[in-house]
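Below, each chain spelled out in residue letters.
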Amino acid sequence: GVKQPGGDGVKQPVSRDPAPSTSKNLGYGKYEGKMENGQPHGNGIIYYTTRHQVVPSKDIYAESGDYVTGLFRDGKLMQGQLHRKDGNQEFVQR
């Protein structure tokens, strides 16, 4: 057998994560987490910089300084936890 260059039995690490964590400016805040097709998709966090409705179906608004952790699908928050800057938390669901 011919020895290949670098073929000393050491495997190079291969990244197999199809959706690397990235960040996206949403206008009203910043998303950090999994993305697909340029949209939040998977687990992630939105850090709000301006007042914004968390989910369209509910009268829940995040204020600047709040953040939400949760599960996103095609850019939309499906369910998660809203963390208020005063320390209170609230479960939100689409």
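Computed from a prediction, not measured in an experiment: that's the story for all the values here. (Residues numbered from 1 in each chain as written. Predicted model: local features only at pLDDT ≥ 70, side-chain atom pairs only at ≥ 80, totals over all residues. Heavy atoms only, no water.)

(A) Looking closely at the pattern of salt bridges. In the structure shown here, the tally under the stated rule is 4 salt bridges. One salt bridge in this structure joins Lys30 and Glu32, with 3.1 Å as the shortest N-O distance. On the basis of relative accessibility, which here comes to 37%, the residue Lys30 falls in the partly exposed class. Given the relative accessible area of 32%, Glu32 is considered partly exposed. Across the salt bridge formed by Arg84 and Glu90, the nearest N and O atoms sit 3.3 Å from each other. (Salt bridge = Lys/Arg side-chain N within 4 Å of Asp/Glu carboxyl O. Buried < 20%, exposed > 50% of the residue type's maximum accessible area, 1.4 Å probe, protein only.)

(B) Inspection of the sheet that holds strand β2 (residues 29–36) at higher detail. Spatial ordering of the open sheet is given by β1-β2-β3-β6-β7-β8, a layout of 6 strands whose pairing is antiparallel. Among the strands making up the open sheet, the edge pair consists of β1 (21–25) and β8 (89–93). Ignoring strand direction, the axes of neighbouring strands in this sheet form an average angle of 20°. The pairing of β2 with strand β3 (residues 39–48) spans 7 bridges and is antiparallel. Bridging across to β3, Met35 finds its partner in Pro40. (Pairing = 2+ DSSP bridges. Helix = DSSP H or I, 4+ residues; strand = E, 2+ residues; numbered from the N terminus. Axes fitted to C-alpha atoms, helices over the stretch in contact; angles between N-to-C directions.)

By themselves, these figures tell us nothing about what the structure is for.
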